[in-house]
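Structural overview for review
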Amino acid sequence: MPTPTCYRHPDRETGISCTRCGRPICPECMVSASVGFQCPDCVRQGTGTGHHPAAARPRTLAGGSVAADPRLVTKILLGINLAVFLLVSVRPGLVGDLTLLGRAWDPSPPPGSIEGVAEGQWYRLVTSMFLHQEVVHIAFNMLGLWWLGGQLEAALGRSRYLALYLLSGLAGSALTYLIAAPNQGSLGASGAVYGLFGATAVLMRRMNYDMRPVLVLLAINMVFTFTWGGIAWEAHVGGLIAGVVIAVGMVHAPRERRTAVQAGTCALVLLATVAIIVARTMSLT
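This section reports on the structure supplied with the text. (Residues numbered from 1 in each chain as written. Predicted model: local features only at pLDDT ≥ 70, side-chain atom pairs only at ≥ 80, totals over all residues. Heavy atoms only, no water.)

Quick word on the overall build of the chain
Note the threshold: Secondary structure elements follow DSSP: runs of H or I no shorter than four residues count as helices, runs of E no shorter than two count as strands, and numbering proceeds from the N terminus. Only the C-alpha atoms count toward the radius of gyration. The rule for a globule is 2.2 Å times the residue count to the power 0.38. Think of it in three bands: residues with accessible area under 20% of the maximum for their type are buried, residues over 50% are exposed, and the middle band is partly exposed, with areas taken using a 1.4 Å probe on protein chains only. Two residues form a contact once any of their heavy atoms are found within 4.5 Å. Each accessible area value is a Shrake-Rupley result obtained with a 1.4 Å probe; residue values ignore everything except the protein chains displayed when judging cover. Asp and Glu are treated as the negative residues and Lys and Arg as the positive ones, with His and the ends of the chain left uncounted. Note that the charge is assigned to NZ on lysines, CZ on arginines, CG on aspartates and CD on glutamates.
Looking only at helices and strands, the chain has ten helices and four strands in total. Secondary structure elements of the chain occur, N-terminal to C-terminal, as β-β-α-α-α-β-β-α-α-α-α-α-α-α. The globule rule puts the C-alpha radius of gyration for 285 residues at 19 Å, and the 21 Å found for the chain is close to it. Referenced to the eigenvectors of the C-alpha coordinate spread, the extents of the chain come out at roughly 75 × 35 × 30 Å. Within the chain, the fraction of its 285 residues that count as buried is 48%. Pairs at least 24 residues apart make up 65% of the contacts formed inside the chain by residues separated by at least 6 positions. Surface summary for the chain: the accessible area is close to 14,200 Å², and the carbon and sulfur share equals 65%. Averaging the coordinates of the 21 positive side-chain charges in the chain and doing the same for the 14 negative ones gives two points 12 Å apart.

So, the side chain of Ser-186
Considering the arrangement of structural elements, one finds Ser-186 in the loop between α6 (158–179) and α7 (190–206). When residues no more than four places from it in sequence are discounted, the contact partners of Ser-186 are Thr-99, Leu-100, Ser-128, Thr-176 and Ala-232.

Digging into unusual backbone geometry
Unlike most non-glycine residues, Asn-208 shows phi in positive territory, near 60°. With respect to the helices, strands and loops of the structure, Asn-208 is situated in the loop between α7 and α8 (212–227). Among the residues examined, Asn-208 registers a relative accessible area of 64% and is labelled exposed.

Let's talk about the packing of aromatic side chains
Filter applied, for reference: In summary, the pairing rule links any two rings of Phe, Tyr or Trp, Trp by its six-membered ring, whose centres are within 6.5 Å, and it sorts them by plane angle into stacked for under 30 degrees, edge-to-face for over 60 and tilted for everything else. The rule for a charge over a ring is simple: NZ of Lys or CZ of Arg within 6 Å of the ring centre, and within 35 degrees of the ring normal.
The tally for this structure, following the rule as stated, stands at two aromatic pairs. On the basis of an interplanar angle of 55° and a centroid distance of 5.7 Å, the ring pair of Tyr-194 and Phe-197 is categorised as tilted. One end of the pair, Tyr-194, and the other, Phe-197, are both in helix α7, three residues apart, so they sit about a helical turn from each other. Across the pair, exposure class does not vary: Tyr-194 and Phe-197 are buried alike. In this structure, Arg-23 packs its charged tip against the face of Tyr-7, placed 4.0 Å from the ring centre. A cation over a ring is seen here: Arg-71 above Trp-146, with NZ or CZ 4.2 Å from the ring centre.

Quick look at the structure:
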């Protein structure tokens, strides 16, 4: 028997159906209800409940607003990464100014100076998340961002998805800052992308989807992480852990306290990340 496809997106297979009309719906279309999920049409047509009109607005699985363009934030993040890549291609000297660096001596220009996050250059923790030098590096990261990001943005909503991406990337930078040698440079969106990997696994588990494809792909990437040279495995692991924790808070939060639990989860991840950064800075100065 063939797998049902979403009635609004026939190219997308799904195992979820609207609890009111029974039509199959994909993650982008499902609206969380008191019991199960409903399709946007049933939500809009629902009347006589006594709720405020805003209560009938379509919502994502995590409680975010259903957007007309479910990939808008993903497209913006792609654009920023590509713009920075083109910028450093024209001005290679910017790489040294934007890359993640704990603490190291920079001999140029004379007389030289000590550079790095430990010297107050906190921005490196963020700028390095959007920095790439090699075509293959940015190609793999942007492919992962596009493949994973679009589905997560549709399932979580724009603001929740953006928080997931940025916090995962920052957590990856923080773990790299903590473990890597102070003079070891690190760059790339890999920490954020691995956060999306972790969140995708959590989301698929929540929706009772077949997790084997994403787990196999994640396992292959982790093998590359620890066997190929020149890869900041710390960023991958830090981003993956943060992505899993944030996604659990996003998709398993009880509906009546959903926003508070989601915000609290993000705050805890941010607090832990800041604590790592502060501790490492104190040890280097």
